[in-house]
Amino acid sequence: MIGRLNHVGVAVPSIEAAKATYRDLYGVSDADITETKDMPTQGVRVAFVNVPNSQIELIEPLGETSPIIKFLEKNPQGGQHHVCFEVADIHVAKAEMAARGATVLGEPRIGAHGTLVIFVHPKNSNGVLIELMETPKGH
Ligand code: CO
């Protein structure tokens, strides 16, 4: 059973330009936009835009083998890439998803919030790539 919506992932060609959109068009304060973080092992750079009940994760390719390069080739202006729900235990969630016949992409790995994540193939979820993220301890 999935928990709260943690964030919506949006792939963008430029994080700095996307931050400006949320700041200038939607009025998000700089205090609610995080620093951009390089995640070289994932092949992405990420930043978060905080809104009162959730976050938007901005994702920019890092390096020529970035997993989002193909997505951006199809969506040159960027686009909604995934939706992330929290789960209590990532290993339990992975086993349950597999038992229900879903295609889990890869092994649990550390995501942008520092907790373990897995991805479930879009074909299992009406075309939407789903990230499951272990709820940070203390939340
Ligand atoms: Co994400």
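Check the entry above for the structure.
Residues take numbers from 1 onward in each chain, read along the sequence in its written order. Only residues with pLDDT of at least 70 are given local features in this predicted model, and only at 80 or more are side-chain atom pairs given and counted; all residues enter the totals for whole chains, interfaces and linings. Side-chain numbers here rest on the full set of heavy atoms in the structure, without hydrogens or water.

With respect to the sheet that holds strand 7 (residues 116–120)
Pairing between the strands of a sheet is mediated by backbone hydrogen bonds and can be parallel or antiparallel. Formally: Strands were regarded as paired on the criterion that DSSP finds at least two bridges between them. The way it works is that DSSP assigns letters per residue, a run of H or I at least four long becomes a helix, a run of E at least two long becomes a strand, and they are numbered from the N terminus. Axis angles are defined between N-to-C directions and span 0 to 180 degrees, where every axis is a line fitted to C-alpha atoms and, for a helix, only to the segment in contact.
If you trace the eight strands from one edge of the open sheet to the other, you get 2-3-4-1-5-8-7-6, paired in mixed fashion. Looking at strand neighbours, the two that pair on one side only are strand 2 (37–39) and strand 6 (104–110), the edges of this open sheet. Along the sheet, successive strands turn relative to each other by an average axial angle of 25°, direction set aside. Of the strand pairs in this sheet, strand 1 (residues 5–11) and strand 5 (residues 79–87) are connected by six bridges, and their pairing is antiparallel.

Remarks on the environment of Glu 86
The condition is simple: Here, residues are in contact when the closest pair of their heavy atoms is within 4.5 Å. Distance and chemistry together define a polar contact, namely a pair of N or O atoms within 3.5 Å, with one atom able to donate a hydrogen and the other to accept it when in protein, and with adjacent residues in sequence counting only for side-chain atoms on both sides.
Among the structural elements, Glu 86 can be located in strand 5. Sequence separation between Glu 86 and Gly 3 is 83 residues, and the spatial gap between their C-alpha atoms is 4.9 Å. The residues touching Glu 86, leaving out its near neighbours within four places in the chain, are Ile 2, Gly 3, Arg 4, Asn 6, Met 133 and Thr 135. Looking at Glu 86, its side chain comes within polar contact range of the side chain of Asn 6, at 2.8 Å. Looking at Glu 86, its side chain comes within polar contact range of the side chain of Thr 135, at 3.1 Å.

Describing the coordination of the cobalt ion
Inclusion rule: Note on donors: an N, O or S atom is included if it sits within 2.8 Å of the metal, or within 3.2 Å for Na, K and Ca, and water is never included, so sites can look incomplete. In this scheme the shape depends on donor count and angles: four donors with every angle between 85 and 135 degrees give tetrahedral, four or six donors with opposite pairs above 155 degrees and others between 65 and 115 give square planar or octahedral in turn, and any other case is irregular.
Coordination of the cobalt ion by the protein comes from His 7 (NE2), Glu 57 (OE), His 82 (NE2) and Glu 131 (OE), over a distance range of 2.0 to 2.1 Å. Coordination at the cobalt ion is irregular: its four donor atoms span angles of 87 to 175° at the metal. Counting along the primary sequence, the residues that act as donors to the cobalt ion give the motif H-x49-E-x24-H-x48-E. Residue His 82 is located in strand 5, and its partner Glu 131 is located in strand 8 (residues 129–134); the two are separated by 49 residues in the primary sequence.

With respect to the layout of surface pockets
The line we're drawing: Using a 1 Å grid laid over the protein atoms alone, points where a 1.4 Å probe fits but cannot get out form a cavity; open sets with protein on both sides within 12 Å along at least 5 of 7 lines form a pocket; any residue with an atom within 4 Å of a point counts as lining. Grid points are joined across faces, edges and corners, and a volume is the space filled by probe spheres set on the points. Three classes are used: nonpolar for Ala, Val, Leu, Ile, Met, Phe, Trp, Tyr, Cys and Pro, charged for Asp, Glu, Lys and Arg, and polar for all others, with Gly counted as polar.
Space inside the largest pocket adds up to approximately 490 Å³. Breaking the lining of the largest pocket down by element, the ones donating at least two residues are strand 3 (44–51), strand 4 (54–61), strand 5, strand 6, strand 7 and strand 8. Per-element accounting of the lining of the largest pocket gives the leading share, four residues, to strand 6. Residues that form the lining of the largest pocket fall into these classes: 14 nonpolar, six polar and four charged. Quantified by volume, the second largest pocket comes out at close to 260 Å³. Along the walls of the second largest pocket sit 16 residues, with Met 1, Ile 2, Val 87, Met 97 and Leu 132 positioned nearest its centre. At the level of secondary structure, the elements contributing two or more residues to the lining of the second largest pocket comprise helix 3 (90–99) and strand 8. Looking at the lining of the second largest pocket, the element that brings in the most residues is helix 3, giving four residues. Residue composition of the lining of the second largest pocket, grouped by class: eleven nonpolar, two polar and three charged.

Fair warning: the whole summary comes from geometry, so function is off the table for now.
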